[in-house]
Amino acid sequence: MMATSLIFLPLILLISLPVSISQTSSNNARDCNGIFITYDYNSGFPIPPTVLASESNNQAYNFRSTLTILNNIPDELKSWKVFVGFQHREFLVSASQAVLADGTTLPGDVGNGTVFAGFPTTDLKSAIQTAGDVNQMEARIKLVGTQYGVASPAVPLPSSISLANDGFLCPTSISQGNRTRVCCVKDPSAKSNITASEEIQPRQEGDLTIMYDVTSSSESNYWAQVTISNNNHTSRLDNWQLSWEWMRDEFIYSMKGAYPTVVDTGDCIFGKQGEYYKGMDFSKALNCEKRPTIIDLPLEKTNDTTLGMVPFCCRNGTILPPFMDASKSKSAFVMQVYKMSPDLNMSVIHPPQNWKINGTYSLGYLCGPPVRVSPSLFPNPAGLSSDTAAVASWQVTCNISISTLKKPKCCVSFSAFFNDSVVPCNTCACGCNTSPSNVCSATEPPLLLPSEALLVPFDNRTEMAKDFNKRRDLPNPLPCGDNCGVSINWHLLSDFRGGWTARVTLFNWGDTHIVDWFAAVQLDKAIEGFEKAYSFNGTIMPDTNNTIFIQGFSGLTYLLAERRGNNPRKDPPVPGTEQSVISFTKKTTPGIDVGAGDGFPNKIYFNGEECSLPVILPSGCNRRVPLASSAFTLLLTMLVLMVLQLSLWLEI
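Residues numbered from 1 in each chain as written. Predicted model: local features only at pLDDT ≥ 70, side-chain atom pairs only at ≥ 80, totals over all residues. Heavy atoms only, no water.

Points about the overall build of the protein chain
Right, so step 1: Of the regular secondary structure elements, the protein chain holds eight helices and 39 strands.
Right, so step 2: In the protein chain, which comprises 652 residues, the proportion classed as buried is 48%.
Right, so step 3: Nonlocal contacts in the protein chain, meaning residues at least 24 apart in sequence, comprise 71% of its contacts between residues at least 6 apart.
Right, so step 4: When the accessible area of the protein chain is evaluated, it comes to approximately 32300 Å², of which 54% is carbon and sulfur surface. (Helix = DSSP H or I, 4+ residues; strand = E, 2+ residues; numbered from the N terminus. Buried < 20%, exposed > 50% of the residue type's maximum accessible area, 1.4 Å probe, protein only. Contact = heavy atoms within 4.5 Å. Areas by Shrake-Rupley, 256 points an atom, 1.4 Å probe, with all protein chains shown as cover.)

Shown next, in the form of structure tokens:
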């Protein structure tokens, strides 16, 4: 039996090999039993300004290309997305029948590659469903833009193209002549809960999701509810701003629960909307911009019968993590949208595209195109036990975009009972002051500090730092400050046979109070020993095995702003502070070496921002003591308590 198998093995390989090659390398769409994608360079010419021959790489050229997606699989391709690896500093001016999946509005820079998504046709039917009608199976995207450095007869083709939908395998694309092509086939190991007969797609998970629910519809207009939901346990939005792009000349007539940043109907009055709706009083409309920007309403508008009365509205643009407060992890508003011809039919609704959302101190988000999902269900307005379904629903999924160029807004200092010095925040941890009052070095490491220096602003620490480091040669100029609005001190308070304790202190150096603050502390080797946070509400986060989520108790959710000293002529400003001791047991973490590093955080997040951590740890010989505290511990604790008492007295 074994010998027979070996005899037929080469024959099997010879039979299967041409089939595999035909799926990936053929230039004929008929040979691809998958999704056949082509990028064809059509034409181009040099455009001004003309550069010197020695700088030919900077010469700009017009390019016109066609991106084609053909569905040759048995099922419908839902919400197609295609990656094009542009590599010649391309600047895309227009793309017919498509939008950029990350929400970027054209014209825009796509030189590092981009993902296209279909619009207004998002799905591609199969040959089986259409009896081979290519018009329904295929999407043809006409691209016009600018590229640099590739002159005729050379051809500016992308480095690669591929299908960006989940559940498909794409080999390396092949470029030949004026064309780049690839045949992407279904991944046999991928599981999908979409069937060929479904008209909608399952809801997706993301750091943040936006629902666009149409609640009522008529021939000329419809009402939509927009709901923003934060699904990330360590991120938040403050003063959120939401924008999108109307693709069919729609405009916003009225709104409740939010408001546009600009009330402007000029584009309607002098545009095609004014020509069609001649009897409409556009002074009562809200916004006719192609790309409106929407903001939340203040808290006092919650029960306003004209502007408020929408669940989850009117919170000054604050959206908290669901783990902190699920009731405050959403924001919602409703709006009345008017349509234009040829969409004047109650069943014709096109959601806006190119969604973007950001906040004052929030992380950046990249949002995908809206995807048609099952209609959302809302509580019956009459108070009955039944639910009311939306007319139609779309979901926009957004994920946090981590930029390596973005500076933190918070930093951490380390200290311990076995060392009298504090390892301060890193030099320029949150960026360097472009015009400092004194010349300083952005590259020198920070100087070790005495404990009392943590309670004064950086500009007032100079003499303390010099005196504390007088036995060493000081750099000239001295290192710059951290320039962070919030700093956190993590102090090892004790280390004994059965457990250990740490004390965390928050400092607000800004001029505004921080409301509903929270922090997340990642301790990879110590989390299993967590027992309790005494002055904070501390809990191990769900779905993690290394992070403690801490926030203020009820009534202590404000981290007060920096204030002037008692005698402004002599006393430096005083930061707002919050402090708590956190206890750990060693019963569940045998072998832990607290002082050597296991008792210090791997990461700390404050209000969703990852803080800058020191690059060194406190050093010391006798790291374990029975249950002792050094003079540093007593001093800093007493100082913080004095600041807290004084702050409370001033509030009264």
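As for the sheet that holds strand 39 (residues 609-610)
Two orientations exist for strands paired in a sheet by backbone hydrogen bonds: parallel and antiparallel.
Right, so step 1: The strand order 34-35-32-38-39 describes an open sheet built from five strands, whose pairing is antiparallel. Each edge of the open sheet carries a strand with a single partner, namely strand 34 (536-540) and strand 39.
Right, so step 2: In this structure, strand 32 (residues 518-522) lies alongside strand 38 (residues 603-606), joined through four bridges in antiparallel fashion. Bridge pairing in strand 38 places A519 opposite F606. (Pairing = 2+ DSSP bridges.)

Considering the state of the cysteines
Right, so step 1: What the rule picks out here adds up to ten disulfides.
Right, so step 2: Disulfide partner of C313: C314, at an S-S distance of 2.3 Å. On the S-S bond that ties C313 to C314, the torsion sits near -80°, and the link is left-handed.
Right, so step 3: The class for C313 is buried, based on a relative accessible area of 4%.
Right, so step 4: Judged by relative accessible area, C314 falls into the buried class, the value being 0%.
Right, so step 5: Between the sulfur of C411 and that of C425 lies a disulfide, 2.2 Å long from S to S. Handedness of the C411-C425 disulfide follows from its S-S torsion of about 80°: it is right-handed. Placement of the pair is C411 in strand 26 (residues 410-416) and C425 in the loop between strand 27 (419-423) and strand 28 (449-450), with a sequence separation of 14 residues.
Right, so step 6: Judged by its relative accessible area of 9%, C425 is buried. (Disulfide = S-S within 2.5 Å.)

Describing the nonpolar core
Right, so step 1: In this structure, I488, W490, L492, W500, V504, L506 and F606 are the most contacted members of the largest nonpolar core, which totals 37 residues.
Right, so step 2: Every element with two or more residues in this core is listed here: strand 26, strand 29 (486-495), strand 30 (499-508), strand 32, strand 33 (530-533), strand 35 (547-552), strand 37 (576-585) and strand 38.
Right, so step 3: Residues in contact with W490, not counting those within four places in the same chain, are S413, F414, S415, A502, R503, V504, V521, L523, I582, G599, F600 and P601.
Right, so step 4: With 33 residues, the next largest nonpolar core counts I210, L286, I349 and V396 among its residues. (Core = buried A, V, L, I, M, F, W, Y, C linked by side-chain atoms within 4.5 Å.)

Topic: the sheet that holds strand 27
Right, so step 1: Strand order in the open sheet formed by seven strands is 28-27-26-29-30-37-33, with mixed pairing between adjacent strands. Strands at the two margins of the open sheet, each flanked by one partner only, are strand 28 and strand 33.
Right, so step 2: Direction of pairing for strand 26 relative to strand 29: parallel, over a ladder of seven bridges. Each bridged residue has a counterpart across the sheet, and for A416 the counterpart in strand 29 is L492.

Remarks on the packing of aromatic side chains
How two aromatic rings sit relative to each other is set out by the distance from centre to centre and by the angle between their planes.
Right, so step 1: This structure, assessed with the given rule, holds 22 aromatic pairs.
Right, so step 2: Taken together, a centroid distance of 4.8 Å and an interplanar angle of 50° make the contact between F414 and F600 tilted. Linking F414 in strand 26 with F600 in the loop between helix 7 (594-598) and strand 38, this pair joins segments that are 186 residues apart in sequence.
Right, so step 3: Residue classification places F414 among the buried residues on the basis of a relative accessible area of 2%.
Right, so step 4: The interplanar angle of 15° and the centroid separation of 5.3 Å between the aromatic rings of F518 and F549 together place this pair among those described as stacked. Taken together, the residues span a long stretch of sequence, with F518 in strand 32 and F549 in strand 35 at a distance of 31 residues. (Phe/Tyr/Trp six-rings, centres within 6.5 Å; stacked < 30°, edge-to-face > 60°.)

Considerations on the pattern of salt bridges
Right, so step 1: As enumerated under the stated definition, the model contains 16 salt bridges in all.
Right, so step 2: As a salt-bridge pair, K272 and D249 come within 3.3 Å of each other at their nearest N and O atoms. Of this pair, K272 sits in helix 5 (residues 272-276) while D249 sits in the loop between strand 15 (241-245) and strand 16 (251-256), and the two are 23 residues apart along the sequence.
Right, so step 3: Where D467 meets K470, a salt bridge forms, and the shortest distance between an N and an O atom there is 3.9 Å.
Right, so step 4: Several salt bridges converge on common partners, so that one network encompasses E76, K78, D123 and K125. (Salt bridge = Lys/Arg side-chain N within 4 Å of Asp/Glu carboxyl O.)

A few points about unusual backbone geometry
Right, so step 1: With an omega of 0°, the peptide bond running from F119 to P120 counts as cis.
Right, so step 2: Inspection of the secondary structure puts P120 in the loop between strand 7 (114-118) and helix 2 (127-130).
Right, so step 3: Here the bond from S152 into P153 is cis, since omega is 15°, no more than 30 degrees from zero.
Right, so step 4: Counting through the fold element by element, P153 comes out in the loop between strand 8 (138-148) and strand 9 (161-163).
Right, so step 5: Notably, D249 is not glycine yet its phi reads approximately 65°, a positive angle.
Right, so step 6: The exposure class of D249 is partly exposed, given its relative accessible area of 33%.
Right, so step 7: Positioned with a positive phi, D516 is a non-glycine residue whose angle comes to about 55°.
Right, so step 8: Mapping D516 onto the fold places it in the loop between strand 31 (514-515) and strand 32.
Right, so step 9: Exposure remark for D516: the relative accessible area of 17% places this residue in the buried category.

Note that every value here comes from positions in space, so none of it alone points to a role or purpose.
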